[in-house]
Amino acid sequence: MTITSLAVPPPVTAVDAWHGVVTAAHAHDLPAAVPAPGRVETEGKLNRSSVSGRTVRLAATAPDGSYDGVASLLLFTDEGNRHTAFLDVLAVHPRARRRGTGAALWRAVHAELTANGRTSLSTMLELGGTGQEFATGLGFEKVLDLGWYVQNVREALAAHPQPPELPEGYAYAQWAGVVPDAHADAFAEAHNAMEDAPSGDMDEQVTPWDADRVRAAAQVILDRGGVILSSAVLHAASGDRVAAYTELVLRDPSDARALQYDTVVTPDHRGRGLGRAVKRHMLGAVRLAQPGIREIATSVADDNGPMLAVNERLGYRRERTAAVFQLRL
């Protein structure tokens, strides 16, 4: 077994080998109801890094050239987070487990962290699985409890056939892809309201958003072959500032389950039902723009009571438990 770094872009054979590992590990470790990543998603993530940093991609290569395991490490490059990193993937093919593959990948990951001066590492794991067992054995500690929740789109539309009427002075807006220039600055300002979201004891600072950053983040999703939809509530009296927004992402256009990314209501506009309103408005956008989407999944911290209440009213059900784990190096 040899640990190698993938070139960017990787050859098709490397994409296929990587995809084989992550889908086999997914089928082995997660409930059957959780869709596996599509190949478009796999190739997109191997070709294009996050707006937040530089990605190192490592593979444990068997003598026949196939992959026994893979790891993807995001080294943050934004100011304030160059001391930390995020382990996006460390997966071992079920056929290669209990043979030291995971340990070998971890040694390579650790070497990258040391070489880049990182003093902490976080990752998100399902609770009760082999990933948690492996991580806690290395010294990772749980810093934020959360759950995965799933909404059935058809049932939600039947229960809530129309978006709520907004208070006077507010209006709905929506777009696909990169935010229009007319809303870019206000959209970035609303993103910054995420800084008060629960984050447990994570050793990661919130990076300020500006118009260029929100454009770049959406462009990464598009460059990876995905789809991003945004719904917002605008406040006319303050110059069409974004009072609330939610984002929905299809990492692979063929997926039937979409991911709800951020949902934010800015502090000055809370207590008016805008969170529920904007998420229901998104359902209308999904029905028109992506009728193949049957489910929407999202992760919510256990101590984020307001968002849990909004999701419950819109028909989200808890599917499985997870947590953010962190290691001090």
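Throughout this document, residue positions are counted from 1 along each chain, in the order its sequence is written. Predicted model: local features are reported for residues with pLDDT of at least 70 only, side-chain atom pairs are reported and counted for 80 or more only, and whole-chain, interface and lining totals are derived from all residues. Hydrogens and waters are ignored; side-chain quantities use all the structure's heavy atoms.

> Is there a simple way to think about the sheet that holds strand E8 (residues 227-235) in this case?
In sheet architecture, strand pairing relies on hydrogen bonds along the backbone and comes in two forms, parallel and antiparallel. Judged by pairing direction, the sheet is mixed, and its 12 strands sit side by side in the order E1-E2-E3-E4-E5-E12-E6-E11-E10-E9-E8-E7 without closing on themselves. Taken across any chain shown, the strands that pair with only one partner, and hence form the sheet edges, are strand E1 (2-5) and strand E7 (170-176). For this sheet, the mean inter-axis angle between neighbouring strands, taken without regard to orientation, is 25 degrees. Here, any two strands with at least 2 DSSP bridges between them count as paired. Only runs of H or I of at least four residues qualify as helices and only runs of E of at least two qualify as strands under DSSP, and these elements are numbered from the N terminus. Pairing of E7 with E8 involves 7 bridges; the strand directions are antiparallel. Residue Ala173 lies in a different strand from E8, and its bridge partner there is Ala232. Sheet strands in contact with helix H7 (residues 211-223) are E8, strand E9 (241-250) and strand E10 (257-265), and its direction is about 150 degrees off that of E8. Geometry is summarised by axes, namely lines fitted to C-alpha atoms with helices restricted to the contacting stretch, and by angles between N-to-C directions that run from 0 to 180 degrees. When checking whether two residues touch, look at their non-hydrogen atoms; a contact exists if any pair is within 4.5 Å.

> Any chance you could explain the side chain of Lys279 here in plain terms?
Considering the arrangement of structural elements, one finds Lys279 in helix H8 (residues 274-289). Burial classes follow relative accessibility: with a 1.4 Å probe on protein chains only, a residue under 20% of its type's maximum area counts as buried, one over 50% as exposed, and anything between as partly exposed. Two residue types count as positive, namely Lys and Arg, and two as negative, namely Asp and Glu; His and chain ends fall outside the count. Salt bridge, as applied in this entry: a Lys or Arg side-chain nitrogen positioned within 4 Å of an Asp or Glu carboxyl oxygen. Put simply, Lys279 is tucked away with no salt bridge, and the nearest opposite charge, on Asp262, sits 10 Å away. Here Lys279 is in contact with Thr246, Gln260, Thr263, Met307, Val310, Asn311, Leu314 and Tyr316, once residues within four sequence places are set aside.

> Help me understand the side chain of Asp252, please; the structure alone is not making it clear to me.
Mapped onto the secondary structure, Asp252 falls in the loop between E9 and E10. The side chain of Asp252 sits in the buried core without any salt bridge; Arg39 is the nearest counter-charge, 8.6 Å away. Any pair of nitrogen or oxygen atoms within 3.5 Å is treated as a polar contact; in protein, a donor-acceptor pairing is required on top of that, and neighbouring residues in sequence qualify only through side-chain atoms on both sides. Within the structure, the side chain of Asp252 is placed 3.3 Å from the backbone nitrogen of Val40, a separation counted as a polar contact. Apart from the residues lying within four places of it in its own chain, the contact partners of Asp252 are Gly38, Arg39, Val40 and Glu41.

Everything listed here is a matter of coordinates, which is why it stays silent on function.
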